[in-house]
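So the chains spell out like this:
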Amino acid sequence: MADPAAVGTEGAPFRLDVERGKIREFARATGTADLTGIDGQDAPVSQPTFLTTALHWQTGDANPWPAVKLDQQRGLHAEQEFTFFGAPPRAGTRLEGRARISDIYTKQGRRGGEMTFAVMVTDYYDESGRLVAQAKMTGVETARPPNEGDA
């Protein structure tokens, strides 16, 4: 069961270096067929969903998500949203991420009973302290585990 007291929990700041090679690897992993926009530039722009790679860097006390205490046997990744305050970051950019649990709420589901939603917001700042991007991840926990044969 999600813990509503987790709202407001903040993670420690973490560093995310936007590297050219990682931008290329991410593009290939997500099925980008034409890499000329990456291979032909020294500092290519990262893909809009590239910030999901922050999960590799957002470890330990930088990750406030464990405070939510969603039951992963009944949990789902419900939504991921990215907002940019300018162009997505280019290779060579060093970002500082700061994540927080911004909301926990419930809704009545049709088949699974009550659903609990938890929202984590991560703000990304460049080296000058300017807000570059924001990622919003929503997880959900259903009231009951899925039954065998549910489609």
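You'll find the structure just up there.
1. With respect to the nonpolar core
General note: in soluble globular proteins, nonpolar side chains tend to be found buried as a group. By size, the foremost hydrophobic cluster in this structure holds 18 residues, and its most contacted members are Leu16, Ile23, Leu51, Leu95 and Tyr124. Those elements giving two or more residues to this core turn out to be strand E1 (14-17), helix H1 (20-29) and strand E5 (131-142). With eleven residues, the next largest nonpolar core counts Trp65, Leu70, Ile101 and Met137 among its residues.

2. A closer look at the layout of surface pockets
In this structure, the second largest pocket encloses a volume near 150 Å³. Lining the second largest pocket are Leu16, Asp17, Glu19, Lys22, Glu25, Phe26, Phe50, Thr53, His56 and Trp57. Listing elements by their share of the lining of the second largest pocket, those giving two or more residues are E1 and H1. The leading source of residues in the lining of the second largest pocket is H1, at three residues. A class-by-class count of the residues in the lining of the second largest pocket yields four nonpolar, two polar and four charged.

3. Let's talk about the sheet that holds strand E2 (residues 75-84)
Pairing is antiparallel in the open sheet, where five strands are placed in the order E1-E3-E4-E5-E2. Each edge of the open sheet carries a strand with a single partner, namely E1 and E2. Each neighbouring strand pair of the sheet contributes to a mean axis angle of 30°, computed without reference to strand direction. As defined by bridge partners, strand E4 (residues 114-125) adjoins E5 across eleven bridges and the pair is classed as antiparallel. Its bridge partner being in E5, Asp123 is matched across the sheet by Gln134.

4. Some thoughts on the side chain of Thr116
When you line up the elements, Thr116 lands in strand E4. Given a relative accessible area of 6%, Thr116 falls into the buried group. Each residue touching Thr116, except ones within four places of it in the same chain, is listed here: Ala2, Leu70, Ile104, Tyr105, Thr106, Gly139, Val140 and Glu141.

Calculation rules
Residues numbered from 1 in each chain as written. Predicted model: local features only at pLDDT ≥ 70, side-chain atom pairs only at ≥ 80, totals over all residues. Heavy atoms only, no water. Core = buried A, V, L, I, M, F, W, Y, C linked by side-chain atoms within 4.5 Å. Buried < 20%, exposed > 50% of the residue type's maximum accessible area, 1.4 Å probe, protein only. Helix = DSSP H or I, 4+ residues; strand = E, 2+ residues; numbered from the N terminus. 1 Å grid on protein atoms, 1.4 Å probe; cavity = no way out; pocket = protein on both sides within 12 Å on 5 of 7 lines; lining within 4 Å. Points joined across faces, edges and corners; volume = space filled by probe spheres on them. Nonpolar A, V, L, I, M, F, W, Y, C, P; charged D, E, K, R; others polar. Pairing = 2+ DSSP bridges. Axes fitted to C-alpha atoms, helices over the stretch in contact; angles between N-to-C directions. Contact = heavy atoms within 4.5 Å.

Function-wise, these values are silent; they only describe arrangement.
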